[in-house]
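Architecture at a glance
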Amino acid sequence: MKSFKDAEHLFRLAAVFLAGFILFLVVRSFLVPRSFGRYGHYRANAIGEIAALPISYAGHQACENCHSDIVDVKSKGMHKTVNCESCHGPQAKHVDDPGSVTPAKLDTTVLCPRCHQANIAKPKTFPQVDAADHSGGAACNSCHQPHSPVIASAGGAQ
Amino acid sequence: MNITRRQLLVLLPAAAVAWDYILAGTPEASPNYNMEEHWWGMLIDTTKCIGCGSCVRACQLENQVPDGYFRTWVERYHAADWQEEYPQVDSPDGGKNGFPPAKESGGKNFFVPKLCNHCAESPCTQVCPVGATFVTPDGVVLVDQTYCLGCRYCVQACPYGCRFINPATLTANKCTLCYHRITKGLTTACCENCPTGTRQLANLKDPNDPVHEFIRTHSVQVLKPQMATRSKCFYYGLDGSVR
Amino acid sequence: MQVPVEGFMYPNEVELQWSVLIVLYPFLTGLVAGAFILASLERVFRVDAVKPTYRLALLTALAFLLVAPMPLQLHLGHPERSFEMYLTPHRSSAMAMFGFVYLWYLLAVLLVEIWLDYRRDIVLLAQNTTGWRRLLYRVLTLGSTNISPHSLEIDERAGWLITVIGIPSAFLLHGYVGFIFGSVKANPWWSSPLMPVVFLFSAMVSGIAAVMLLYMLLTVMRRQAIDMRCVDTIAKYMFYTFLIDFSLEMLDLVHRIYEADESFRSLDFMVHTKLYFSHIVLQILIGTVLPLILLATTQVVKLGASTRKQIYTIAGCLSLIGIFAMRWNVVIGGQLFSKSFLGYTTYKMGFVTREGLLTAIILTILPFVFLWALVKLLPPWPESSPAPLADASAAGD
């Protein structure tokens with residue numbers, strides 16, 4: 001009993017630790033997010049939150065629903081694999097409200113060289129020119145129709 | 001307020017569907033998306049890349065990527081004769097506005113688009129101290145923006161340099177494989193806008209996916225295979241000099 | 001970002017992720033681990049010669065341990081979320097261990113050991129003082145005023161046990177930092193099984209040097225005589241530890257040069273250019289080789305006491321600089337080169353920013369402020385031990 005009395009302070013210390021530990025467990029049970037651990041060591045609701053983010057590019061399917069005439073022209077030419085928004089930019093807002101939101105007019109002198117300006121690293125089979133030499137400053141769409149760009153008179157298919 | 005019987009016939013089912021959503025909590029994605037049917041990856045055909053930067057611009061617009069940071073970028077390689085060990089590489093502003101004319105001539109020259117590899121054995125998710133970054137059951141590596149501490153350990157652990165800290169949110173950020181699009185049947189912003197078909201989304205669990213078929217039947221490579229990250233971004237025509 | 005880049009870096013790599021605060025953190029926990037190991041020399045290994053520094057070493061460890069989480073909190077993008085490491089620690093992450101290892105070491109090891117060793121003093125101080133101090137000491141007694149010889153004997157044995165547990169705990173507290181770097185396979189400058197071991201041994205050198213310097217300085221300030229047997233023994237242990245540390249670092253270097261893997265050319269170039277001053281000059285020559293030569297001299301040549309004191313002071317200061325440089329070279333050096341091995345970036349350290357130099361300086365000075373307060377509250381000097389009141393023998397029971 002004397003031994004116990006002399007070690008009493010150690011028991012007090014242990015009690016303080018135990019109280020702290022229990023408090024930690026209680027606080028923890030309130031703070032851990034509810035969906036945590038459902039699929040793995042993460043907050044499962046985050047998946048849904050990320051999936052619900054807003055969309056800027058509508059996707060070519062949405063364009064083709066209304067603009068089937070353009071699609072027809074494009075599908076017969078060299079740009080058949082180029083999607084609409086690749087040149088026209090994100091159009092999800094236009095798809096939601098076609099009347100009031102219209103795509104901006106494009107400047108071909110800036111747009112076309114992005115792909116077609118000659119560069120040694122581009123694949124050899126890819127059609128590329130030096131824009132300044134090729135057109136002498138004229139806009140690309142003064143000779144080429146962007147939706148089907150190859151010029152028939154120059155010997156290409158239409 | 002007078003509600004006609006017709007209006008009620010429309011309102012009630014709509015209310016029922018809405019109530020369903022409320023009961024389900026946050027929906028995973030669109031109602032007919034099943035995570036178990038998908039295991040996402042990407043195929044990049046470097047023989048087709050023209051370095052136009054459309055993918056980089058599209059990604060920035062779709063995902064509000066801050067200037068100076070990149071969820072995807074394009075590198076240009078110049079490997080001179082016999083010098084494959086030490087290629088010259090550049091990526092001006094990530095290739096966002098294309099590339100200036102090359103100063104070098106001769107040798108091998110090509111473009112390599114890069115993005116998060118969505119590794120199946122992801123080293124970045126391994127090191128996250130709190131579980132803020134994770135691999136979803138359908139194989140996409142995501143970051144929980146409300147849980148991330150911004151400790152930057154994941155940025156250090158990525159062998160491919162695809163992560164960054166968003167200066168506005170001070171949390172880790174990277175390519176999400178446009179998870180908000182692919183779960184709705186759309187493709188990623190970069191794939192949608194690539195004019196040459198260099199980048200293609202793949203569902204590695206779908207036997208009928210033509211991209212998956214290509215990966216299964218052609219010689220493809222991954223970046224830094226020695227890191228054993230089980231990267232799901234497959235490259236066709238990847239030169240040995242690519243870092 | 002107008003950071004000068006040489007060669008090619010992946011676009012997201014140009015900006016450094018971990019700043020000078022992350023250099024400071026392992027330096028501070030290293031001092032904690034080293035000071036504690038010195039204290040354990042007396043307690044567990046019965047090296048009586050270093051007894052005069054025992055209490056000072058514990059208080060030094062506590063002062064640095066209290067400041068250690070601060071650079072981490074200041075570095076985090078969201079420090080208000082740092083408690084998440086206690087809620088949902090990711091068991092595969094070395095960093096997730098931090099919260100628990102730190103808490104364990106602070107509460108279960110260091111505070112308990114200090115409490116057990118000082119308990120008699122605390123009880124007496126609770127009786128001798130007035131005002132807020134009296135309240136503070138009374139709280140620290142946890143309500144028990146038993147300082148009978150038997151209870152003190154129990155404290156002695158309990159303290160011994162805590163120290164025995166404390167040694168591996170101290171290794172864990174600092175070793176895990178080395179492991180955080182050493183386990184990153186993406187970074188060849190860091191990835192090495194030697195990293196935790198090198199961190200630990202350099203930590204021990206820095207901690208021992210710090211306590212030795214503090215003891216000499218404070219003893220001189222108190223106009224007392226420095227116990228030469230004590231500092232001679234401490235310097236000897238510092239010398240041996242430093243030899244091991246140096247051997248490990250040289251082994252890492254030689255191994256890298258010999259194996260010459262894909263990263264070698266890039267890293268070698270970096271060490272010879274961007275890291276030349278901090279690595280070759282500061283860490284190796286001035287910070288390791290020179291102190292080793294100085295300490296070796298005292299071991300083989302018979303020198304007078306005042307010469308030895310001067311040499312210990314110089315060697316101690318140079319070692320601390322060298323070991324800080326080592327942390328700098330690991331943390332900053334590991335981020336200066338591209339993982340493509342084709343380029344290098346530059347570290348732009350701010351001054352009055354959240355992670356700038358001024359912050360680092362303040363955080364380096366702060367532990368000494370804490371130590372000053374601790375020394376005032378719990379004097380570590382034998383002659384400052386409070387004497388019991390005349391009727392104290394009746395008060396305890």
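What you are looking at is a predicted structure, and each value in this text was computed from that prediction instead of being measured.

Focus: the overall build of chain B
- If you tally the helices and strands in chain B, you get seven helices and eleven strands.
- Within chain B, the proportion of its 243 residues that are buried is 53%.

Looking at the overall build of chain A
- Scanning chain A from terminus to terminus reveals nine helices and zero strands.
- Seen in sequence order, chain A has helices and strands lined up from the N terminus as α-α-α-α-α-α-α-α-α.
- Computed over the C-alpha atoms, the radius of gyration of chain A is 33 Å, more than 25% above the 15 Å expected from 2.2 N^0.38 for a compact globule of 158 residues.
- Each of the three principal axes of chain A carries a C-alpha extent, and together these read 110 × 40 × 25 Å.
- The proportion of buried residues among the 158 residues of chain A is 23%.
- The contacts of chain A with a sequence gap of at least 6 include a subset with a gap of at least 24, amounting to 49%.

Re the interface of chain B and chain A
- Taken residue by residue, the interface counts 41 residues in chain B and 32 residues in chain A.
- Every element with two or more residues in the side of chain B that touches chain A is listed here: helix H2 (54–63), strand E4 (108–115), helix H5 (179–182) and helix H6 (189–193) of chain B.
- The biggest single contributor to the side of chain B that touches chain A is H2(B), with four residues.
- When its residues are assigned to classes, the side of chain B that touches chain A shows 19 nonpolar, 15 polar and seven charged.

Digging into the packing of helix H9 (residues 228–259) of chain C against helix H11 (residues 276–300) of chain C
Residue and element names in this part refer to chain C.
- Their axes nearest at 10 Å, the elements H9 and H11 cross at an angle of 140 degrees. In terms of axis orientation, H9 runs oblique to H11. For H9 against H11, the interelement crossing comes out left-handed. Every residue of H11 that contacts H9 at Ala 235, Lys 236, Met 238, Phe 239, Phe 242, Leu 243 and Phe 246 is listed here: Thr 288, Pro 291, Leu 292, Leu 295, Ala 296, Thr 298 and Gln 299.
- Broken down by class, the residue content of the contact of H9 with H11 amounts to ten nonpolar, three polar and one charged.

Some thoughts on the pairing of strand E9 (residues 199–203) of chain B
All names here are of chain B.
- Of all five residues making up E9, four are buried, and the element is well covered by its neighbours.
- Relative to E9, strand E1 (residues 40–45) is paired through five bridges, and the arrangement is antiparallel. Pairing of Leu 43 across the sheet is with Gln 200, part of E9.

Focus: the nonpolar core
- The biggest cluster of nonpolar side chains holds 197 residues, and the ones touching the most others in it are C:Val32, C:Ala35, C:Leu38, C:Ala61, C:Val211 and C:Met212.
- Of the residues that make up this core, three or more belong to each of domain 1 (2–51) and domain 2 (60–154) of chain A.
- Beyond its immediate sequence surroundings of up to four residues, C:Ala35 is in contact with C:Ala57, C:Thr60, C:Ala61, C:Gly207, C:Ala210 and C:Val211.

Examining the interface of chain C and chain A
- Listed per partner, the contact involves 14 residues of chain C and 14 residues of chain A.
- Elements that contribute at least two residues to the side of chain C that touches chain A include exactly helix H5 (97–128) and helix H7 (149–182) of chain C.
- With four residues, the top contributor of residues to the side of chain C that touches chain A is H7(C).
- Grouping the amino acids of the side of chain C that touches chain A by side-chain chemistry returns five nonpolar, eight polar and one charged.

Thoughts on helix H14 (residues 357–377) of chain C
- With 21 residues, H14(C) extends 31 Å from end C-alpha to end C-alpha; this agrees with the ideal 30 Å at 1.5 Å per step.
- All buried positions along H14(C) are accounted for by C:Thr359, C:Ala360, C:Leu363, C:Pro367, C:Leu371 and C:Leu374.

Remarks on the domain arrangement of chain A
- Domain annotation of chain A identifies domain 1 (2–51) and domain 2 (60–154).
- Each of domain 1 of chain A and domain 2 of chain A has a C-alpha centre, and the two are 60 Å apart.

Regarding the pairing of E4(B)
Residues and elements named next belong to chain B.
- Among the eight residues in E4, seven count as buried, and that is most of the element.
- Both strand E2 (residues 72–79) and E4 contribute to a ladder of eight bridges, which runs antiparallel. Paired with His 78 across the two strands is Asn 109, which belongs to E4.

Focus on the sheet that holds E2(B)
All names here are of chain B.
- In space, the three strands of this open sheet follow the order E3-E2-E4, with antiparallel pairing throughout. The outermost strands of the open sheet, each flanked by one partner alone, are strand E3 (88–90) and E4. Across this sheet, the average inter-strand angle for adjacent strands is 25 degrees, counted without regard to direction.
- Across three bridges, E2 lies against E3 in antiparallel orientation. Paired with His 78 across the strands is Gln 88, a residue of E3.

Re the confidence of the model for chain B
- Looking at chain B as a whole, the pLDDT averages 90, with 89% of positions reaching at least 70.
- As scored by the predictor, the complex reaches a pTM of 0.90 and an ipTM of 0.91.

Topic: the environment of B:Ala80
Residue and element names in this part refer to chain B.
- Inspection of the secondary structure assignment puts Ala 80 in the loop between E2 and E3.
- Each C-alpha atom of the pair Ala 80 and Tyr 33 lies 48 Å from the other, and the pair is 47 residues apart in sequence.
- Those residues within four positions of Ala 80 in sequence are excluded, and the remaining contacts are Gly 106 and Gly 107.

Some details on unusual backbone geometry
Residues and elements named next belong to chain B.
- Unlike most non-glycine residues, Asp 93 shows phi in positive territory, near 50 degrees.
- By the element assignment, Asp 93 lies in the loop between E3 and E4.
- Although it is not a glycine, Cys 178 adopts a positive phi angle of roughly 45 degrees.
- Relative to the assigned elements, Cys 178 resides in the loop between strand E8 (172–173) and H5.
- Assessed through the 27 C-beta atoms surrounding it within 10 Å, Cys 178 is described here as buried.

Observations concerning H2(B)
- Across the ten residues of H2(B), eight count as buried, placing the element largely inside the fold.
- Among the residues of H2(B), those classed as buried are B:Ser54, B:Cys55, B:Val56, B:Arg57, B:Ala58, B:Cys59, B:Glu62 and B:Asn63.
- Structurally, H2(B) contributes buried residues whose contacts are with helix H6 (84–88) of chain A together with E2, E4, H6 and E9 of chain B.
- Two residues or fewer after H2(B) comes B:Gln64, characterised by a positive phi angle close to 50 degrees.

A closer look at the sheet that holds strand E10 (residues 220–221) of chain B
All names here are of chain B.
- What the four strands build is an open sheet, ordered E9-E1-E11-E10; its pairing is mixed. This sheet does not close on itself; its edge strands, each paired only once, are E9 and E10.
- Pairing of E10 with strand E11 (residues 233–236) involves two bridges; the strand directions are antiparallel. Bridged to Val 220 within E11 is Tyr 236.
- Helix H7 (residues 210–217) contacts E1, E9, E10 and E11 of the sheet and is inclined by roughly 90 degrees relative to E9.

Conventions adopted
- Residues numbered from 1 in each chain as written.
- Chains lettered and ligands numbered in written order.
- Predicted model: local features only at pLDDT ≥ 70, side-chain atom pairs only at ≥ 80, totals over all residues.
- Helix = DSSP H or I, 4+ residues; strand = E, 2+ residues; numbered from the N terminus.
- Buried ≥ 20, exposed ≤ 12 C-beta atoms within 10 Å, placed from the backbone.
- Rg over C-alpha atoms; globule rule 2.2 N^0.38 Å.
- Contact = placed C-beta atoms within 7 Å.
- Nonpolar A, V, L, I, M, F, W, Y, C, P; charged D, E, K, R; others polar.
- Axes fitted to C-alpha atoms, helices over the stretch in contact; angles between N-to-C directions.
- Parallel < 35°, antiparallel > 145°, perpendicular 65-115°, else oblique.
- Left-handed = near helix turned anticlockwise from the far one by under 90°.
- Pairing = 2+ DSSP bridges.
- Core = buried A, V, L, I, M, F, W, Y, C linked by C-beta atoms within 7 Å.
- Domains from an automatic or database assignment.
- Expected span 1.5 Å × (residues − 1).
- pLDDT = per-residue confidence, 0-100.

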